[in-house]
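# A closer look at the structure
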Amino acid sequence: MSPFHLTGRKALVTGGARGLGAGMAVALAAAGAAVMIGDVLEEQGRETARALAATGARAAFVHMDVTDEAHWLAAISATHYALGGFDILINNAGVEVTALVTDIDPDELRRMLDVNIVGTALGIKHAFRAMRPGDWPDRAVPWSTFRRWRRPSHFRRSPGIRRPSPPWTGSRAWQPRNRASSDMACG
Ligand SMILES: NC(=O)c1ccc[n+]([C@@H]2O[C@H](COP(=O)([O-])OP(=O)(O)OC[C@H]3O[C@@H](n4cnc5c(N)ncnc54)[C@H](O)[C@@H]3O)[C@@H](O)[C@H]2O)c1
């Protein structure tokens, strides 16, 4: 078996809508993994997930801002829900300040630190928690909640794409802070 054989693995790729993240998502899917794209870029993220699904891979998109803990919880829930587990985190989302040192804008700098440092640390925190034996889903989401989400009325079908209505929208604890709802598209 190839050391890069990832059949059965489920990966969440932050910043996976484009660039290096999208490239890693393609590589993971080619190795057999199911892939959840997490990004602030909705259209591009969905499109990347659709393109992966068109190759036969299992892929989905979830809107997430890595600086927001509620988004991490929702994205990990979405990964479990859409892909059936969560084994791999690609903590890729990041921003770069390209200004000359003489022109640095402190707000841009703070945003970069927030995304690149805080966002990455939150990813490690929540991935470790979710992957810790015995911790999932007991700590994060009660199974009864999953069972409720699985009711047929929660699915709207369109050709080739299964769109569960966002499972966390009904619960204040799972509501991403900056959005009325999250969305995901599954291939
Ligand atoms: N491209 C390079 O040569 C290079 C070199 C060294 C490091 N990096 C780092 O690798 C990562 C990816 O680089 P890239 O060139 O693909 O960049 P990119 O800008 O093309 O992609 C970054 C992705 O992260 C997403 N993102 C940004 N902020 C986010 C947030 N708060 N929450 C969720 N998603 C968010 C963006 O929407 C985008 O899809 C970045 O962290 C970058 O700093 C890139």
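Per-chain numbering applies: the sequence of each chain, read as written, is numbered from 1 onward. Per-residue local features are limited, in this predicted model, to residues with pLDDT of at least 70; the limit for side-chain atom pairs, both in listing and counting, is 80 or more; totals at the level of whole chains, interfaces and linings are taken over all residues.

This part takes up the overall build of the protein. Counting from the N terminus, the helices are the DSSP runs of H or I reaching at least four residues and the strands are the DSSP runs of E reaching at least two. The helix and strand tally for the protein stands at five helices and six strands. Listing each helix as α and each strand as β along the protein from the N terminus yields β-α-β-α-β-α-β-α-α-β-β. Residue burial in the protein is summarised as follows: out of 187 residues, 40% are buried. The long-range fraction of contacts in the protein, counting pairs at least 24 apart against all pairs at least 6 apart in sequence, stands at 65%. Using C-beta atoms placed from the backbone, we call a residue buried if 20 or more other C-beta atoms fall within 10 Å of its own, exposed if 12 or fewer do, and partly exposed for counts in between. Contact between two residues is assigned whenever their backbone-derived C-beta positions fall within 7 Å.

A separate point is the site of the ligand. Each residue receives a C-beta atom built from its backbone; the residue is near a molecule or strand if that atom lies within 6 Å of it. Among the 21 residues in the neighbourhood of the ligand, the closest are listed as Gly15, Gly19, Leu20, Ala93 and Gly94. Elements represented by at least two residues in the shell around the ligand include exactly α1 (19–30) and α4 (106–131). Element by element, the count of residues in the shell around the ligand is highest for α1, at three residues.

Let's shift gears to the nonpolar core. By size, the foremost hydrophobic cluster in this structure holds 40 residues, and its most contacted members are Ala11, Val35, Met36, Ile37 and Ala59. Within the residue set of this core, elements represented by two or more residues are β1 (10–14), α1, β2 (34–39), α2 (42–54), β3 (59–63), α3 (69–83), β4 (88–90) and α4. With nine residues, the top contributor of residues to this core is α3. Setting aside anything within four residues of it in sequence, one finds valine 35 in contact with Ala11, Val13, Ala25, Leu28, Ala29, Leu52, Ala57 and Ala59. We define a nonpolar core as a collection of buried residues of the types Ala, Val, Leu, Ile, Met, Phe, Trp, Tyr and Cys that are connected via C-beta atoms lying within 7 Å of each other.

Read from one edge to the other, the open sheet built from four strands follows the order β3-β2-β1-β4, with strand pairing classed as parallel. Two strands bound the open sheet, and with one partner strand each, they are β3 and β4. Within the sheet, the average angular offset between the axes of one strand and its neighbour, ignoring direction, is 20°. Here the rule is simple: two strands pair whenever DSSP picks up at least two bridges between them. Sheet analysis places β2 next to β3, joined by five bridges and oriented parallel. To get an axis, a line is fitted to the C-alpha atoms, and for a helix only the part in contact is used. The angle between two axes follows their N-to-C directions and goes from 0 to 180 degrees.

Before going further, it helps to spend a moment on the pairing of β3. The element β3 is extensively covered by neighbouring structure, given that five of its five residues are classed as buried. Residue alternation in β3 divides its side chains into two sets, Ala59, Phe61 and His63 and Ala60 and Val62, and both sets are buried. Throughout, right-handed denotes a crossover for which the path from the first strand over the helix to the second runs clockwise when the strands point away from the viewer. Crossover handedness for the path β2 to α2 to β3: right-handed.

Its 13 residues place the ends of α2 18 Å apart at the C-alpha level, agreeing with the 18 Å of an ideal helix rising 1.5 Å per residue. The complete set of buried residues in α2 reads Gly45, Arg46, Thr48, Ala49, Leu52 and Ala53. Taken down its axis, α2 places every buried residue within 160° of arc, on the same side. Facing away from the buried side of α2 by over 90 degrees, the exposed positions are Glu43 and Ala54. One less than the residue count of a helix, multiplied by 1.5 Å, gives the span that helix is expected to have. Here the arc refers to the set of directions running from the helix axis out to each C-beta atom.

Turning to α1, a few remarks are in order. With 12 residues, α1 should cover 16 Å at 1.5 Å per step; its first-to-last C-alpha distance of 17 Å lies within 8% of that length. Listing the buried residues of α1 in full gives Gly21, Ala22, Ala25, Leu28 and Ala29. Viewed along the axis of α1, the buried residues span an arc of 120°, placing them on a single side of the element. Buried-residue contacts for α1 involve β1, β2, α2, β3 and β4.

To continue, consider the pairing of β2. Across the six residues of β2, six count as buried, placing the element largely inside the fold. For β1 and β2, the ladder comprises five bridges, and the chain directions are parallel. The residue of β2 that forms the bridge with alanine 11 is valine 35. Traced from β1 through α1 to β2, the parallel crossover comes out right-handed.

This part is about the environment of alanine 34. Looking at where alanine 34 falls in the secondary structure, it is placed in strand β2. For the pair alanine 34 and alanine 82, spaced 48 residues apart in the sequence, the C-alpha separation amounts to 9.5 Å. Residues within four places of alanine 34 in sequence aside, it is in contact with Lys10, Ala57, Arg58, Ala59 and Leu83.

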